[in-house]
Amino acid sequence: MRLTRSLIPTLKENPAEAQIVSHRLMLRAGMIRQQSAGIYAWLPLGQRVLSRIAAIVRDEQNRAGVQEILMPTIQSADLWRESGRYDAYGPEMLRIRDRHDREMLYGPTNEEMVTALMRDNVQSYRDLPQMLYHVQWKFRDEVRPRFGVLRGREFLMKDGYSFDQDQAGAVASYRRMMLAYMRTFRRLGVRAIPMRADTGPIGGDLSHEFHILAPTGESGVFYDSAFEAIDLGSDSYSYERPEDLDAFFAQMTGLYAATDEKHDPAAWGQVAEADRREGRGIEVGQIFYFGTKYSETMGFTVVGPDGAKIHPEMGSYGIGVSRLAGAIIEASHDQAGIIWPDNVAPFRAAILNLRQGDAVTDGLCEQIYARLSEQDLGDQALYDDRPARAGEKFADADLLGHPWQIIVGPRGAANNQVELKRRETGERSELSLEDALVRVLS
RNA sequence: CGGGGCGUGGCGCAGCCUGGUAGCGCGCUUGUUUUGGGUACAAGAGGCCCCCGGUUCGAGUCCGGGCGCCCCGACCA
């Protein structure tokens, strides 16, 4: 993409309403614009990040054998009356009426709908287990939205649901999802730690929250420093071997990790003092096992092996996709701006033409841009072709946080040399065009 | 939902107390200049001063009522 053809409205100054760093940077980098309290439009840069996060989430769900579907945002109140949650949910639920005065709602989650789908289409234990997910916008009418996309009212979420014929199967599904989650967060370039959690309004008795460590996190967290050393979501585990899932689960839950709500001072005391870590975390995912809560209230049964009807055991699994965009920035930024992990960066590299209009730098930049955009990377390079000063281009590139900056100035360009800067480390090196491309593409 | 604050060009703000032609910085446009970390100079464009009503010869400013947004707390993926 050429910057002169892009809607990337960067801001030099901090908007007054943004208090925390991810909110400020998302506004300044032109990723989002607020439309109402807690409701945001995603501009091209933000949308790219959202897409890249969602793509990784989808890929890991698919790898884990979860099937993607797409359920609507608008749901019928009657569906929620079946589970009893229409009255239980409270003012967080956005309730609306259609032209026939039918009661509808903008879904805050989809347990009821997915249970109804299964109920209407699955009759036998032979059809289980099943795991389904979708990536869809949700709405929760928070009393006080804040922190930009970290605490919005409208948010993009991956929510998944598992259906098993017995509890052992449900626990296996739960462990499978825990592995999928750890792999997902690892690929997103963040370190998330699974913490024992309260089950909240969804109910049940087995639940973990996944927290990214960041000083601005909403919860206090306590964890064993061993989490910092192990390979979270290691590829050595296989979904195909139940013993692997058990071993993985044992590794994740064998170490102490809890949010302040679930903190257990006695157990904490068992952790060696040198290994105790306290900090703050941003919740980016949560997994629940909740048994037959919905299959019972909503009358979902299948015929079991002995001919008797059984209520499937269920679990649900969420990842906050839009929240992750903010959370990753909270965990990865510096004074100058965002530092995108390679896998979620909206553009892999920026090409900075320090003297737009100069035949030599223009030519070299076009050559690099053609290579990166048309051949090797697809649309993954942002060419700063504005007739602007060098300082402005440097500042914007740092703000937007591209992993690589390919800096083309008149000095080096004459010798086919460019400067390659790694955003994360600030490391710069003078290289030939070909060597620079090799490093960006590696 | 309790407490506090703010709505004035795209962004950040002053002006309001004490009513009298709407200002500053950044950004934007044009020209010159500069040319490796937001250059300098000059000339411009751009504002229903959140909305409605009232007071007044006259309201951004005073009064009443709405609406929106932010912050602290409680709450929350």
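Before going further, it helps to spend a moment on the overall build of chain A. Each helix and strand counted, chain A has 14 helices and 23 strands in total. Radius of gyration (C-alpha) of chain A: 24 Å, near the 22 Å computed for a compact globule of 442 residues. When the backbone C-alpha atoms are referred to their principal axes, chain A occupies close to 80 × 60 × 40 Å. Taken over 442 residues, chain A has a buried fraction of 55%. Side-chain charges of chain A comprise 52 positive and 64 negative groups, with the mean position of each set lying 4 Å from the other.

For the rest of this paragraph, the subject is the packing of aromatic side chains. Applying the stated criterion across every chain yields a total of 12 aromatic pairs. Relative to Phe 249, the ring of Tyr 174 lies with its centre 6.2 Å away and its plane at 75°, an arrangement referred to as edge-to-face. Taken as a pair, Tyr 174 in helix H6 (residues 167-187) and Phe 249 in helix H7 (residues 242-254) lie far apart in primary sequence, 75 residues in all. Exposure class is identical for Tyr 174 and Phe 249. Each is buried. These aromatic residues form a ring-pair network of at least three members: Tyr 181, Phe 185 and Phe 210. Between Arg 422 and the ring centre of Trp 404, over which it is positioned, the NZ or CZ distance is 4.7 Å. A cation over an aromatic ring shows up here: Arg 428 above the ring of Phe 394, its NZ or CZ 5.9 Å from the ring centre.

A word on the packing of helix H11 (residues 359-376) against helix H14 (residues 433-441). Interhelical geometry of H11 versus H14 gives an angle of 35° and a closest axis separation of 12 Å. Helix-helix and strand crossings are classified by hand; for H11 and H14 the assignment is right-handed. Contacts between H11 and H14 involve Leu 364, Gln 367, Ile 368, Arg 371, Leu 372 and Asp 376 from the former and Leu 433, Glu 434, Leu 437, Val 440 and Leu 441 from the latter. The residue inventory of the contact of H11 with H14, partitioned by class, reads seven nonpolar, one polar and three charged.

Further remarks concern the protein's contact with RNA strand B. Around RNA strand B sit 39 residues, and of these Arg 144, Arg 355, Arg 389, Glu 392 and Arg 428 come closest. For RNA strand B, the fraction of protein-proximal atoms (within 4 Å) that sit in sugar or phosphate groups is 43%. Here Ala 16 contributes a backbone N or O atom positioned 2.9 Å from a phosphate oxygen of RNA strand B. The set of elements that each furnish at least two residues to the surface near RNA strand B consists of strand S1 (32-36), strand S13 (276-291), helix H12 (390-400) and strand S22 (417-422).

Scoring rules and cut-offs
Residues numbered from 1 in each chain as written. Chains lettered and ligands numbered in written order. Predicted model: local features only at pLDDT ≥ 70, side-chain atom pairs only at ≥ 80, totals over all residues. Heavy atoms only, no water. Helix = DSSP H or I, 4+ residues; strand = E, 2+ residues; numbered from the N terminus. Rg over C-alpha atoms; globule rule 2.2 N^0.38 Å. Buried < 20%, exposed > 50% of the residue type's maximum accessible area, 1.4 Å probe, protein only. Lys, Arg positive; Asp, Glu negative; His and termini not counted. Charge placed at Lys NZ, Arg CZ, Asp CG, Glu CD. Phe/Tyr/Trp six-rings, centres within 6.5 Å; stacked < 30°, edge-to-face > 60°. Lys NZ or Arg CZ within 6 Å of the ring centre and 35° of its normal. Axes fitted to C-alpha atoms, helices over the stretch in contact; angles between N-to-C directions. Left-handed = near helix turned anticlockwise from the far one by under 90°. Contact = heavy atoms within 4.5 Å. Nonpolar A, V, L, I, M, F, W, Y, C, P; charged D, E, K, R; others polar. Near = heavy atom within 4 Å. Polar contact = N/O pair within 3.5 Å; in protein donor to acceptor, adjacent residues only side chain to side chain.

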